[in-house]
Amino acid sequence: GGPMQQVASPLTTSQGSGDAPATCEISLVLPSGETRKMNLPGEATLEDLLMEVKAMIPELRLPCLKSGEEQEQWPRLEATTGTKHKKKGQKAHGRGKGGKGLSKGVPESKTESTTPESADPVMHQAPMLEMSLAAEPDLRLWRACPRHVIARDVNGKRLPTKDEGSTDPKVFTFPDTSTASLPVVVEDFEEAFTKRLQTGLLRLRDLASVAPLLDWEKPELPKMLMGRLKSLLEGSCEAWCKAAACSQEDELLCARVLLRRVYGALSLDERLRICRDLLPPEKKDRKARVEVDRGEDFLKNSFTGLMRLSVEELRNPLSICFKNEVAEDYGGPRRDFFCMIGCRLCSDLKTLWRRLPTGALAPVPDVVAETSPKDTLAGLSEVEGAYRASGRAAGLALKYGDVLGEELAGFFMYQVARDDTVSLEELQRQIAESEGSDDIRASRKLLECHVSESGIKGLKLTRTITGTATEVELVPGGHNLEVTEENKADWLRLHLHDKLYRSMQKAADSFRQGILDIWGGSRRTCPLLVLLTPAELVRIWAGSGVSDADVRRWKEVATVSHEVQTQAGWLWEILEESDEAYRAKVLKFTTGVHRIGYVGIQSFEVQPADGQDESLPRAMTCANMLQMPRYSSKDCLAKQLRKATELCDGFQIL
């Protein structure tokens, strides 16, 4: 517990490219005081190390790993006051009582929260945060804890320290070769774990440190994780954190690790359900109401309306009201609202968003956005506010399972949702996504050819921001450094990172904050950004066009009144024969959206309506319902349906 030095945490360490070392050598200090060396493959994870230790000392039912630095000993907590004391050399070993339990050998105990009468040093032992991340799936040991690893190449040579100014992905970050690696201390954590569980002071850090050894199939542990995380996200855990000698920030970081371990392999639907379960409960009797006009002021009404709502108000059910239209929002107006925002981002905010050659949307560079006239910011006074409103709209759409109907650039969403460094290979893939696969910067030939042949000889380590005369240095003193054969890979990585990431950092930060206003947490701890990949977020918000398979699914889920069975048959034939653009219009007319959400079409109704061949069909978008007269022919239905999709604009009583 208590504030501790966090070094080389995988949550903050660069995840650059490059091959892993061939082997990792670890020095272990066992509970007996004996020191042992352990050699693991270069791709070994923290989990592998923990499991190897368990196999080495089978009598330890719950081994725990911590740093061997003397100044980082486990703290002691005065439970009655919440103050902390460090006690050098303090070790505590013990055996808990046997029995069926929450872990593979850890006893099951009551979880009532009671305050211990004395500061028990065994109970308050705590693994270091750096060594508490054995739960992180696929976390490489040499990246997570470089101070504790001697990394060697295939020839057994110790790999050197990466120079602070170097960007070469083939040079690793390891302790200086002149110093010994820090030992990893193995402790018996069973007694402390059991006592914390009994008193209700078991921390997420404790769970994370031994997560691979616990039985997560038992419902008690996931329930504890979800309850604690929800309290942390709501900010109602301060007193408990003080009693448990931990910080909310550290607990959230460990929650991130545990979320990925316990739920990361679930389906997208299940992961989204977990995220929604962690949202604060809605106050059903209070609506977050936004009133908008479909005209030129739509985006202004939408963004000012969203930004007027406090974070607390945004947690209430959203209700959209279109001016001068008769419709209660049971889902249809809301779906229409989000789709209209997506469609108008680029057209109404031309100074903030741009359409890439591939069709996706991305922000303009920050220096360009900052020159935007105030009257182009959709009624808001600051550029950051417009991007934040965009993020709020995206966050709300996802909360309700709706689509924006526009694809956001993958590299932009990566910056919004992730905090690790992007490899050169990934940057080249992203520039191809942004500018097209024929862009020379996306080609391997740029690095394979000599600088004199590729046309980059004589360039400086600078970049001119697209659409401006602003030149930025890629490294300090870049104006005075030329691109050479030796540094061309560095230049390309820095150039692409500046273009795709650094130049749009303010836009990404503001958009992300809008999402966090809805889903809670921070960049590193928001459940939505932890459990969903950037690609999944892009796909969910964009939706998809109406394919032939979607038409078949549409027909399969439809409930059709026997009175219009014949007309419904003609409807499916018309849709099967139509192109995707017209199918989108019919979908918009009947459901309120022109693209299909990630879950697909779940329900649809076809019901009869009064009228003859000259009457138009009607729709109830809240119920995904099409109402049509008993048309006398397929041609008549096709004509009236097309007319309805072209004339329909808003919700009216007909």
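Scoring rules and cut-offs
- Residues numbered from 1 in each chain as written.
- Predicted model: local features only at pLDDT ≥ 70, side-chain atom pairs only at ≥ 80, totals over all residues.
- Heavy atoms only, no water.
- Pairing = 2+ DSSP bridges.
- Helix = DSSP H or I, 4+ residues; strand = E, 2+ residues; numbered from the N terminus.
- Axes fitted to C-alpha atoms, helices over the stretch in contact; angles between N-to-C directions.
- Contact = heavy atoms within 4.5 Å.
- Parallel < 35°, antiparallel > 145°, perpendicular 65-115°, else oblique.
- Left-handed = near helix turned anticlockwise from the far one by under 90°.
- Nonpolar A, V, L, I, M, F, W, Y, C, P; charged D, E, K, R; others polar.
- Core = buried A, V, L, I, M, F, W, Y, C linked by side-chain atoms within 4.5 Å.
- Buried < 20%, exposed > 50% of the residue type's maximum accessible area, 1.4 Å probe, protein only.
- Lys, Arg positive; Asp, Glu negative; His and termini not counted.
- Salt bridge = Lys/Arg side-chain N within 4 Å of Asp/Glu carboxyl O.
- Polar contact = N/O pair within 3.5 Å; in protein donor to acceptor, adjacent residues only side chain to side chain.
- Patch = residues over 30% accessible without salt bridge, like charges linked within 9 Å, V, L, I, M, F, W, Y side chains within 5 Å.
- Areas by Shrake-Rupley, 256 points an atom, 1.4 Å probe, with all protein chains shown as cover.
- Charge placed at Lys NZ, Arg CZ, Asp CG, Glu CD.

Student: Sorry, what's going on with the sheet that holds strand β15 (residues 604-608) here?
Tutor: Whether parallel or antiparallel, the strands of a sheet pair through hydrogen bonds between backbone atoms. Strand order across the open sheet formed by four strands is β14-β15-β17-β16, with mixed pairing between neighbours. The open sheet terminates on both sides in strands that have one partner only, identified here as β14 (558-560) and β16 (618-620). Taken over all neighbouring pairs, the strand axes of this sheet differ in orientation by 20° on average, direction set aside. In the packing of helix α22 (residues 548-557) onto the sheet, the strands contacted are β14 and β15, and the crossing angle to β14 comes to about 50°.

Student: Explain the packing of helix α5 (residues 220-234) against helix α7 (residues 248-263) to me, please; I cannot follow it from the model alone.
Tutor: For any two helices packed against each other, one specifies the inter-axial angle together with the distance between the axes. It is at 10 Å that the axes of α5 and α7 come closest, and there the two elements cross at 140°. As the angle between them shows, α5 and α7 are arranged oblique. Judged by the twist between their axes, the crossing of α5 over α7 is left-handed. Of α7, the residues touching α5 (which contributes P222, L225, M226, R228, L229, L232 and L233) are Q248, E251, L252, A255, L258, L259, V262 and Y263. Tallied by class, residues from the contact of α5 with α7 come to twelve nonpolar, one polar and two charged.

Student: Explain the nonpolar core here, please?
Tutor: The tendency in soluble globular proteins is for nonpolar side chains to be buried as a group. The biggest cluster of nonpolar side chains holds 147 residues, and the ones touching the most others in it are L207, F337, W353 and L528. Here this core takes nine residues from helix α13 (residues 383-399), the largest share from any one element. Grouped together as the second largest cluster of nonpolar side chains are 27 residues, A558, W572, I574 and A644 included.

Student: How do you make sense of the pairing of β15 when you look at a structure like this?
Tutor: In terms of strand pairing, β14 meets β15 through three bridges, oriented parallel. Paired with A558 across the bridge in β15 is F604.

Student: Help me out: how do you make sense of the side chain of R228 in this one?
Tutor: Within the fold, R228 resides in helix α5. Nearest to the buried, unbridged R228 among oppositely charged side chains is E251, at 4.0 Å. Polar side-chain contacts of R228 include one of 2.8 Å to the backbone oxygen of L202. Sequence-distant contacts of R228, defined by excluding residues within four places in its chain, comprise G200, L202, R203, L204, C237, W240 and E251.

Student: Sorry, what's going on with the environment of A369 here?
Tutor: Mapped onto the elements of the fold, A369 is located in helix α12 (residues 366-369). With a relative accessible area of 1%, A369 lands in the buried category. Along the primary structure A369 and L352 are separated by 17 residues, whereas in three dimensions their C-alpha atoms are 5.4 Å apart.

Student: Just to check I follow, could you spell out a negative patch on the surface for this structure?
Tutor: Taken together, the side chains of E291, D293, E296 and D297 define an acidic patch exposed on the protein surface. Along the polypeptide, D293 turns up in the loop between β8 (288-292) and α9 (298-308). Residue D293 is classed as partly exposed on the basis of its relative accessible area, which comes to 31%.

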